[in-house]
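Notes for the structure review
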Amino acid sequence: MFKLLKPNQIFEIASKLTKFISILFIVVLTIGLTEALILSPEDYKQSHSVRIMYVHVPAAWMALGIFSVLAFLSLSIFIFKNKTFFLISKSLAPSGFIFSIIALVTGAIWGKPTWGTWWAWDARITSMLILALFYLIYLLSWKVIENKERAIKISSLIAIIGAINIPIIKFSVNWWNTLHQGQSIKILSDSTIHSSMLLPLFIMTAAFALFSLLIFLMKFNTEMIKIKNKGLDRL
Amino acid sequence: MVKKVKLRILFLLAIILSAILSVFLILKSLEKDVVFFLSPTDVKVLKTIDTKKIRVGGMVKDKSISISSEKINFVITDFKNEISVSYSGSVPNLFAENKGVVAEGFLEDRNYFKAVKILAKHDENYMPPEVKEALGEK
């Protein structure tokens, strides 16, 4: 399995896959947006503003998921000095950061007509902002720290410590009274989102996952090219 | 080499544990501020009523909204205790009876709250209007 994770191998697969995945992404996104914006029903209470959820929720999921992967890779980077994993996590972080920002912005846009406020210092929203900040610090640590060995060490520590925030985001709505509603999609019981609204939600999640994969592959290849043309590494 | 790996694992464990502990302690000591709103029951058991701005949240009690020329009066309930709220100003679209609400303002006493801002709380139910109607008929 680790043979497949050799940087050169990923580079080769990535160069072939990018075109295919970008086409797939556009197709899935088109289906998802049609479903979300046109075909899916309005909500009984919030009418059309429910459509913001189809961007907001998948974006939040992606931001959380990518950071979790980042943290796991970072554990292995820090302990075993795995040379491939730091390239992978460095290339994953940008799309996670973008999605955390998208989740915050769409949340604000939804909050204004629904709650009556753009922003509230609510446990869920604040912890999500902290996640976005962790992404930012993680990305900056690669830019700011000149020494490569040290950059690897410090950035993986940032990801590992930031991971403590992930369960806080997840359970904030259960632990405290929050303005943000509780979870609708439950693993153990029925979800409280009607099935006609779940379909666009899952298609949009697939589209966002493909987008992350695409950005990841492109970023990974750029990093590989930088390494191959030594000296360009720090540019 | 193995020794180095062991040391790094120990180091990480120490860092993670102390970070979790400090986050836990911070959240514990800030609990009053982490909680976005108090329920009417929380208000009942408050030790002191101070003049600081607080938020009270819960359900708007059925048939409790009365609107006069300049004021909206309603009752927030958590189905154990309730508190009367008076407010003047505009309310969000989703403000309605039997729906969640968070009121920001000042406590006059344990049963009376003067709100300066009303936020509607949305619950975790999403469905098309037809489904809601069908559910209502049942």
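Residues numbered from 1 in each chain as written. Chains lettered and ligands numbered in written order. Predicted model: local features only at pLDDT ≥ 70, side-chain atom pairs only at ≥ 80, totals over all residues. Heavy atoms only, no water.

Moving on to the overall build of chain A. In terms of regular secondary structure, chain A is built from 7 helices and 0 strands. From first element to last, N terminus to C terminus, chain A shows the α and β order α-α-α-α-α-α-α. Over its C-alpha trace chain A gives a radius of gyration of 19 Å, about what one expects of a compact globule, namely 18 Å for 235 residues. Oriented by its inertia axes, the alpha-carbon framework of chain A measures out at about 60 × 40 × 35 Å. Sequence separation of at least 24 residues holds for 74% of the intrachain contacts in chain A that already meet a minimum separation of 6. Here chain A has roughly 11300 Å² of accessible surface; of this, 74% comes from carbon and sulfur atoms. For chain A, the distance from the average site of its 22 positive side-chain charges to the average site of its 10 negative ones is 10 Å. (Helix = DSSP H or I, 4+ residues; strand = E, 2+ residues; numbered from the N terminus. Rg over C-alpha atoms; globule rule 2.2 N^0.38 Å. Contact = heavy atoms within 4.5 Å. Areas by Shrake-Rupley, 256 points an atom, 1.4 Å probe, with all protein chains shown as cover. Lys, Arg positive; Asp, Glu negative; His and termini not counted. Charge placed at Lys NZ, Arg CZ, Asp CG, Glu CD.)

Each partner contributes residues to the interface: chain B has 39 residues there, and chain A has 42 residues. The junction of chain B with chain A conceals about 3600 Å² of combined surface from both sides, 68% of it contributed by carbon and sulfur atoms. Linking chain B to chain A there are 1 salt bridge. A salt bridge links Lys45 of chain A to Asp123 of chain B, with the shortest nitrogen-to-oxygen separation between them at 3.7 Å. Taken together, chain B and chain A are joined by 14 residue pairs in polar contact (both at pLDDT 80 or more). When contributions to the side of chain B that touches chain A are tallied by element, the ones reaching two or more residues are α1 (2–29), α2 (31–34), β6 (112–121) and α4 (129–137) of chain B. At 11 residues, α1 of chain B tops the list of elements feeding residues into the side of chain B that touches chain A. Looking at the side of chain B that touches chain A residue by residue, the classes come out as 26 nonpolar, 4 polar and 9 charged. (Buried area = accessible area lost by both parts, 1.4 Å probe. Salt bridge = Lys/Arg side-chain N within 4 Å of Asp/Glu carboxyl O. Polar contact = N/O pair within 3.5 Å; in protein donor to acceptor, adjacent residues only side chain to side chain. Nonpolar A, V, L, I, M, F, W, Y, C, P; charged D, E, K, R; others polar.)

Residues and elements named next belong to chain B. Sheet analysis places strand β1 (residues 54–60) next to strand β5 (residues 100–109), joined by 6 bridges and oriented antiparallel. Across the sheet, the residue bridging to Gly57 is Val102, located in β5. In this structure, β1 lies alongside strand β3 (residues 72–77), joined through 2 bridges in antiparallel fashion. Bridge assignment links Val60 to a residue of β3, and that residue is Ile76. (Pairing = 2+ DSSP bridges.)

Size of an interface, as often reported, equals the accessible area lost when the parts are brought together. Here chain B is partitioned into domain 1 (2–31) and domain 2 (35–121). Spacing between the C-alpha centres of domain 1 of chain B and domain 2 of chain B amounts to 41 Å. (Domains from an automatic or database assignment.)

Looking now at empty space enclosed by the protein. Residue and element names in this part refer to chain A. If you walk through the whole model with that rule in mind, you get 1 cavity of 30 Å³ or more. Each pocket or cavity is described by its volume, and for the largest cavity that value is around 80 Å³. Lining the largest cavity are Ile77, Lys81, Asn82, Lys83, Phe86, Glu149, Ile152 and Lys153. The biggest single contributor to the lining of the largest cavity is helix α5 (residues 148–162), with 3 residues. (1 Å grid on protein atoms, 1.4 Å probe; cavity = no way out; pocket = protein on both sides within 12 Å on 5 of 7 lines; lining within 4 Å. Points joined across faces, edges and corners; volume = space filled by probe spheres on them.)

Before going further, it helps to examine the pairing of β5 of chain B. Residues and elements named next belong to chain B. Along β5, 7 of the 10 residues are buried, which leaves the element largely enclosed by surrounding structure. With 9 bridges connecting them, β5 and β6 associate as antiparallel partners. Of the residues in β6, the one forming a bridge with Asp109 is Tyr112. (Buried < 20%, exposed > 50% of the residue type's maximum accessible area, 1.4 Å probe, protein only.)

In this section: the nonpolar core. Ranked by size, the top nonpolar core spans 59 residues in total, and within it Met53, Ile88, Met128 and Leu131 of chain A carry the most contacts. The set of elements that each furnish at least two residues to this core consists of α1 (7–39), α2 (53–80), α3 (83–114), α4 (123–144), α5, α6 (165–175) and α7 (195–228) of chain A. Val56, Val60, Val85 and Phe113 of chain B belong to the second-largest nonpolar core, a separate cluster that totals 17 residues. (Core = buried A, V, L, I, M, F, W, Y, C linked by side-chain atoms within 4.5 Å.)

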